[in-house]
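These are the residues of each chain, in order.
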Amino acid sequence: MTTRSTPPRRHPIAPGLLLLAGFVLCCGTASAGPLHDPWLERFQVGTWLDPDTIPLAAGVPAGLLEPARIDTAWVEAVRLVLADENPGARDLTSRRLLSHLAPAGADTLWRRRALAAVDDLAAGRAGDPGFAFLRRERLVAAFGAALARGEPAVAADQAAAILADPSRPPLEARTRLVWRLRREAAAARAAGAIPDATAALWPEFDELGAFDTGLAWGLWVALRREAGRPALPRGEDPERLGGALGRLGRAWLSADELHASDLPDDWQGGLGGILLPVADLPAHFERFATPPDDFERQGWWVRGQRRRHRGAAAAYENLAARTDLKPAWRLDVWRRASERRLLAGAWVEGLADLDEALALAAAGHGTDGLRQRLREWSEQALVLALAAGDVATARRIRDATLAGLPAEEAAAFADEIRHWQDRLDPGRGDPGPAGDDLVDGARHRVAGGLAAPVAAAGPALRDSFALRADRDLWPVWTRWGLALADTTPLPDPGRRRRAARYAAVLSDETTGRPAERALAAVALRLGDRDWWPVLLRQAVDADAARLAGRDTPPWPSPVPDLLPDVRGSELDRHALLGFFLALGDMRGVLGVAYELPGRGLT
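What counts and how
- Residues numbered from 1 in each chain as written.
- Predicted model: local features only at pLDDT ≥ 70, side-chain atom pairs only at ≥ 80, totals over all residues.
- Heavy atoms only, no water.
- Helix = DSSP H or I, 4+ residues; strand = E, 2+ residues; numbered from the N terminus.
- Buried < 20%, exposed > 50% of the residue type's maximum accessible area, 1.4 Å probe, protein only.
- Contact = heavy atoms within 4.5 Å.
- Areas by Shrake-Rupley, 256 points an atom, 1.4 Å probe, with all protein chains shown as cover.
- Salt bridge = Lys/Arg side-chain N within 4 Å of Asp/Glu carboxyl O.
- Axes fitted to C-alpha atoms, helices over the stretch in contact; angles between N-to-C directions.
- Parallel < 35°, antiparallel > 145°, perpendicular 65-115°, else oblique.
- Left-handed = near helix turned anticlockwise from the far one by under 90°.
- Nonpolar A, V, L, I, M, F, W, Y, C, P; charged D, E, K, R; others polar.
- Expected span 1.5 Å × (residues − 1).
- Phe/Tyr/Trp six-rings, centres within 6.5 Å; stacked < 30°, edge-to-face > 60°.
- Lys NZ or Arg CZ within 6 Å of the ring centre and 35° of its normal.

Draft legend 1. Representation of the overall build of the protein chain. Across its full length, the protein chain carries 29 helices and four strands. For the protein chain, the residues scored as buried account for 49% of the 602 residues in total. Here the analysis covers contacts within the protein chain between residues at least 6 apart in sequence; of these, 69% occur between residues at least 24 apart. Carbon and sulfur atoms make up 54% of the accessible area of the protein chain, which totals about 27,100 Å².

Here it is, written out as structure tokens:
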């Protein structure tokens, strides 16, 4: 079943990671999944743009109970991966990975159990004689088989088992929501009834990201209206319901529906600003002429006022001058008014608006993000003046911004406009960063417009880079691990011994190819963890993708689930990086590498 995951938090890229990133971009992602869930796929990619386009049948989204499809190419590829007679077994990642962990003879047992699991999957059975990494997929297949046999009560039990399944990585919120709907639909079918899936706001709303919340809300509205109920349920916790609505870009609500709800006035006033159609906003703001006091809800109210006036600078200035707005939002609206004025060529008014915003920043108002955007606009305004040949005005903007920001942010602004210094003060231009730091030097050249145009890389250049990366990548990874093992603080003898064993594996030239040392290292560090089957599953998946020609849909990446468990150990994270390098998994490599310190690469 395919999924999308939230990218891991980004850290500054240490020197050397560009090599890793370039290598995996050439290699691509090697992962595939045994099942394709058509309705979940349609849901998560946003097939339905609004509730009116969602096909329903007897209170159930059409196709919700459509069974998952077995990817026969994946199944046959796994048979080749696991079969004893497979002539290419020595070159398969999953086989090599297991050989570093399993005692003699266990490899055959593992293959036999895994082949039994593949047979269970293909037959739609939910038994558990096979290898654990296919447990959830077998439950999914059994759900479809039960429906095909006309046993909806059994299917409902299978759906409940999927929701309760402890396999890792855990189900994402969107997938849990879909299986909750399937369980209720199957149970209702068994009782000869129509499911009442909209009695209370689905618990998964609390965990969905913004895009998935929008899709789920569209489905919610469609089901509520099909049942003749108002889209906004009554009796819900305002913080929960209002918070979910605040993450939406569109709610398909009319002003009458919002105002008839039991949400408190401060929630209604704020949410209306971001969710109602523009045509409904004048009447809405007659009803809610005073902004909510809560900071976030007031921000929504302000955004609605901007939507209502569609970029009219004078209206923005009137809004920013209101004393019942919090200073942070006044700062933001003054900045936006300055943008509208200067882009229209009204320099006197635009600079006055910018001064108002800077005065609020100087008094300590505004969030970090709002002041960051103010700095960005100050630089853009400066560039507008330079483009018009008005160096004096550009200097005035620079000096006013430096004087109007707190000291730390003023220093950041001075650094951000460093590459314009020669235009502002001829003869005193910025020489660029001191020393030979590659990243800072590249950033300086690009930001200052000094870099040569980037040409598209042809196949020959990509192949050349891939060959060089393949040769140089593993020594970089090995040196990185040795540096981490040597410099990581180890407060107890047991950790020191483990670090020494890890360094010995990395240094063992007799292990074979460098990737073999990576697999031995990951087995040493992580082979006793409870999510070891997740790594084996990814390795089998990567090999199946290779043998199937990479034409099978991707399996979810385990990175988001694994990273929290290895953040306490740099060596564990380094071992996991080697694992994803061996698989050629770009997302895994970048996700783990961003979490590692740069020692050994500089």
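Draft legend 2. Structural context of unusual backbone geometry. In this model, Arg168 is joined to Pro169 through a cis peptide bond whose omega is -5°. With respect to the helices and strands, the residue Pro169 is situated in the loop between helix H7 (152-164) and helix H8 (173-191). With a phi angle near 55°, Ala58 is a residue other than glycine that sits in the positive phi range. Here Ala58 is to be found in the loop between strand E2 (56-57) and strand E3 (60-61). Here Ala58 falls in the exposed class, since its relative accessible area comes to 53%.

Draft legend 3. Quick look at the pattern of salt bridges. One pass over the structure, following the stated rule, counts 43 salt bridges. For the salt bridge of Asp165 with Arg135, the shortest nitrogen-to-oxygen distance reads 2.5 Å. With a gap of 30 residues between them, Asp165 in the loop between H7 and H8 and Arg135 in helix H6 (residues 135-148) connect regions that are remote in the sequence. We note a salt bridge from Arg136 to Asp165, for which the minimum N-O separation is 3.3 Å. Of the two residues, Arg136 sits in helix H6 while Asp165 sits in the loop between H7 and H8, which places them 29 residues apart along the sequence. Of the two residues examined, Arg136 and Asp165, each falls in the buried class. Among the charged side chains, a salt-bridge network with shared partners connects Glu239, Asp266, Asp294 and Arg297.

Draft legend 4. A look at the packing of H6 against H7. Look at H6 against H7: their axes get within 8 Å of each other, and the N-to-C directions meet at 165°. Relative to H7, the element H6 lies roughly antiparallel. Crossing of H6 against H7: the hand is left-handed. Where H6 approaches H7, its residues Leu139, Val140, Ala142, Phe143, Ala146 and Leu147 are matched on the opposing element by Pro152, Val154, Ala155, Gln158, Ala159, Ala161 and Ile162. The class makeup of the residues in the contact of H6 with H7 is 12 nonpolar, one polar and no charged.

Draft legend 5. Broad picture of helix H5 (residues 106-123). Here H5 spans 26 Å end to end across 18 residues, near enough to the 26 Å set by a 1.5 Å rise per residue. Those residues of H5 that sit buried are Trp110, Arg111, Ala114, Ala117, Val118, Asp120 and Leu121. On its buried face, H5 is in contact with strand E1 (35-36), strand E4 (69-70), helix H3 (72-82), helix H4 (93-99), H6 and helix H26 (532-547). Downstream of H5 by a residue or two, Gly124 has a phi angle that is positive, lying close to 75°.

Draft legend 6. Broad picture of the side chain of Asp572. Looking at the secondary structure, you find Asp572 in helix H28 (residues 570-583). Since its relative accessible area comes to 3%, Asp572 is described here as buried. In this structure, Asp572 is in contact with Arg525, Leu526, Arg529 and Val566, ignoring residues within four places of it in sequence.

Draft legend 7. Structural detail: the packing of H7 against H8. It is at 8 Å that the axes of H7 and H8 come closest, and there the two elements cross at 160°. When the axes of H7 and H8 are compared, the pair comes out roughly antiparallel. Relative to H8, the crossing made by H7 is left-handed. Facing Pro152, Ala153, Ala155, Ala156, Ala159, Ala160, Ile162 and Leu163 of H7, the residues of H8 in contact are Arg176, Trp179, Arg180, Arg183, Ala186, Ala187, Arg189 and Ala190. Each residue belonging to the contact of H7 with H8 can be placed in one class, and the counts come to 12 nonpolar, no polar and four charged.

Draft legend 8. Summary view of the packing of aromatic side chains. Under the criterion given, the structure shown has 12 aromatic pairs. An angle of 25° between the planes, with centres 4.8 Å apart, marks the rings of Phe295 and Trp329 as stacked. Of this pair, Phe295 sits in helix H14 (residues 295-309) while Trp329 sits in helix H16 (residues 327-343), placing them 34 residues apart in sequence. Given the relative accessible area of 32%, Phe295 is considered partly exposed. Given the relative accessible area of 15%, Trp329 is considered buried. Through a chain of ring-to-ring contacts, three or more aromatic side chains come together here, namely Trp202, Phe205, Trp217 and Trp220. The positively charged end of Arg297 is found above the aromatic ring belonging to Trp267, 3.9 Å away from the centroid. A cation over an aromatic ring shows up here: Arg525 above the ring of Tyr502, its NZ or CZ 5.7 Å from the ring centre.

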